[in-house]
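Close look at the chain arrangement
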Amino acid sequence: MTDKTERNSTKLNLEAQRLSASDSPFPKETYKTIPDLDHHQKAEKKLEDGLCDLLSHCVFCMVISDAVKNSNMVREKVDMSEEGADEKMLGAGEEEQQNLAKKEEVKFISGDQQNGDAKIDIGAIDKTFTGLTKEELMKYANDPFWIRLRWFLFICFWGLWAGMLVGAVLIIIYAPKCAAPEPLSWWKQGPLVKIDTPTPDNIQIEGIKGLGVKGVIYEVPADETYNIGSDPAISDALKKLAASFAAYGINLIVDLTPNFVSRGDPLFQKALNNPDVRSAFVTREGHQVPNNWLSLVNGSAWTNEGNLIFLQQFGHDRFDLQLNDPVALTKLKGVLKEVVSLGAKGIRLANTKHFIVDRELKDNVPSNNPNYDHTQYGFWTHAHTTYQDGLGDLLYDLKAYVHNITNSEGFLAASDDIDRPEVYMSSKGVQSLDMIQLGRVTNLLANSTSADHIYRELQNVWKSTVETGKHFWLQWNYVKQELLQQITISEYNIFLQLIPGVPVFNVDASKAKAEDYSTEAFHKIRTSPSYMHGSFDLYRDVNSTVIGYSRTKSGNPGFFVVFNPTEQYVNANFSNVVGIAEELTVHTLSTNYNATDVAVKGKVSSSSIPVSRYSAIILTYVPKA
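Being a predicted model, the structure only gives us computed values, none of them experimental.

**Topic: the overall build of the chain**
When its secondary structure is counted, the chain shows 20 helices and 25 strands. Buried positions account for 40% of the 625 residues belonging to the chain. Taking the intrachain contacts of the chain between residues at least 6 apart in sequence as the baseline, contacts between residues at least 24 apart amount to 67%. Of the roughly 35500 Å² that the chain leaves accessible, carbon and sulfur atoms contribute 54%.

Laid out in structure tokens, this is it:
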């Protein structure tokens, strides 16, 4: 009993020493002996298999397995201070430690030591939804709800697909097409040629046909304008003239002078005694001249008829019509309709600036032109007898009328030069005539003035008729060949043919050499996209010695025309032209062109284009993007 008590006391002392030793600031690790491998082989195997099954994706599985196999001792106590030092050496910060602390830990709980069992607490594991397996899905394959749903989605998918297909087809069918640019009207393509007889012979017709023109212009004598329809001789002549050229695909254009009627006109005879139709004329009662207006043939513009005084600006027995008056306008429209019925497709009106006069009959003021005296027409400004307000609307009404009676195949134009094209706009901002004529440029060409002068005048014409939104089509009225100074009709023609507008040949053209007009070559250019729908840009060479212009349209060959109006041979530098190529191909040479080593289809540099004195040249090139 005493021995047993002593043994117990000794055991308690040893235990006290062990506990007191644990109070040391540096506790030591103690180990407990693991039974020999052959005694616990089955328990070890069981523990290892359990770990591998539970921790198949955890790296600790390998560590635990190696520890069990290769060590006979299990760590029971860990010096946390030393482990913290290890972590600091590894560079783990407080933030990382906190993140690690939040993670789930694997805990080992000792079990029954006799059989070697151990418990492992892994903690909560987040599970990710991975969907149903094929076997699980097949359980619902024949469920009525899912069968209906599948059919519904199947029908919706193919219905939507079919709807998109039908929609695409409808868009293709009914979407607005990108219409190709319309070709120019026949009267814009030109050229046109004047004739001086209503009965040309076959030789004249063949000569005109050889020029490749689109229309012939016949001017009805001024005093016979309002006799068309009432005089069978005039009407028959116009009808035959239209038919003779229609056989060659050439249209008839008639020039009219609607400003006045003669003494024998029925409307004038009515006006003498009927005040209801007298408004068609410019009249005053009595015998006193109301103002200082002069006629175009000089002298007073007024004449007495009984107890009335009538305006006659165009000479004796020619009584002016006030064409914005309904009575006078109806008379003019009757003539236009008659001319179209006889076969004419175009009409040009003379003296359009005189169609309206100031009804207040105010005096004109002097123009300060020293070349005239007060008895001459050129001495006065004529501000109250020309270019009056309302002229644009009047002409626009007449143009619409001509388009209507010709089914939009005809045109209405002015046959005389226009000094103030801005007046020829309607109150709605639309051009009142299809074509107007400006003779300033053609006269400058005929006189072979400087390139700078021609450039500035042509630029002014262009700005006043096209660039400001007026969009007039221009007529380039050729002068007679005997009036040309240094150039020939060849240079004149080359320069004018490709400017936007229609060339109007004079009556001598049919008698001239066909090669001087080069109509076949020009026809191909004038029907090309670069001319019909392309841009027009005017240039001077670097030294402002010669003048040139380009006609270009994207995706098409460009054309460049150069004219030298001087008596000097020039190597023109046009490298400043926008989009011009470095090398150009010669297309057409004028009669006066005699530069050596330059021939049709030859090559020249855009920085050095040889141009001989008083000559012109047409070049082609591929415009740069």
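Having put the structure on the table, let's press on.
**With respect to the sheet that holds strand β17 (residues 502-505)**
Strand order in the closed barrel made by the 8 strands is β5-β6-β7-β13-β14-β15-β16-β17, with parallel pairing throughout. Between one strand axis and the next, the sheet turns through 25 degrees on average, direction left out of account. In the sheet, strand β16 (residues 473-477) pairs with β17 via 3 bridges, with the strands oriented parallel. For Gln475, the partnering residue across the bridge sits in β17 and is Val502. In this fold helix α10 (residues 232-246) packs onto β5 (192-195), β6 (215-219) and β7 (251-256), with an angle of close to 145 degrees to the strand it touches most, β7. Contacts from helix α13 (residues 326-341) reach β7 and β13 (344-349) within the one sheet, and its direction differs from that of β13 by about 145 degrees.

**Let's talk about the nonpolar core**
With 114 residues, the main nonpolar core has Leu256, Phe281, Tyr492 and Phe495 as its most contacted residues. With sequence-adjacent residues up to four places away left out, Phe281 is seen in contact with Val261, Leu267, Phe268, Ala271, Phe310, Phe319, Asp320, Leu321 and Gln322. One finds Val546, Ile580, Ile609 and Val611 within the second-largest nonpolar core, a separate group that totals 21 residues.

**Some details on the confidence of the model for the chain**
Residues with a pLDDT of 70 or more make up 78% of the chain, whose mean pLDDT is 82. Counted against residues more than four places away or in other chains, residues 4-40, with its pLDDT under 50, gives 24 contacts. Considering only residues more than four positions removed or in separate chains, one finds that residues 54-92, a stretch of pLDDT under 50, has 38 contacts.

**As for the packing of aromatic side chains**
Applying the stated criterion across every chain yields a total of 24 aromatic pairs. Ring centres of Phe260 and Phe314 lie 5.5 Å apart, and the angle between their planes is 35 degrees; this geometry places the pair in the tilted category. Of the two residues, Phe260 is situated in strand β8 (residues 260-262) and Phe314 in the loop between β11 (308-311) and β12 (318-320); the sequence distance between them amounts to 54 residues. Residue classification places Phe260 among the buried positions, given a relative accessible area of 2%.

Rules used throughout
Residues numbered from 1 in each chain as written. Predicted model: local features only at pLDDT ≥ 70, side-chain atom pairs only at ≥ 80, totals over all residues. Heavy atoms only, no water. Helix = DSSP H or I, 4+ residues; strand = E, 2+ residues; numbered from the N terminus. Buried < 20%, exposed > 50% of the residue type's maximum accessible area, 1.4 Å probe, protein only. Contact = heavy atoms within 4.5 Å. Areas by Shrake-Rupley, 256 points an atom, 1.4 Å probe, with all protein chains shown as cover. Pairing = 2+ DSSP bridges. Axes fitted to C-alpha atoms, helices over the stretch in contact; angles between N-to-C directions. Core = buried A, V, L, I, M, F, W, Y, C linked by side-chain atoms within 4.5 Å. pLDDT = per-residue confidence, 0-100. Phe/Tyr/Trp six-rings, centres within 6.5 Å; stacked < 30°, edge-to-face > 60°.

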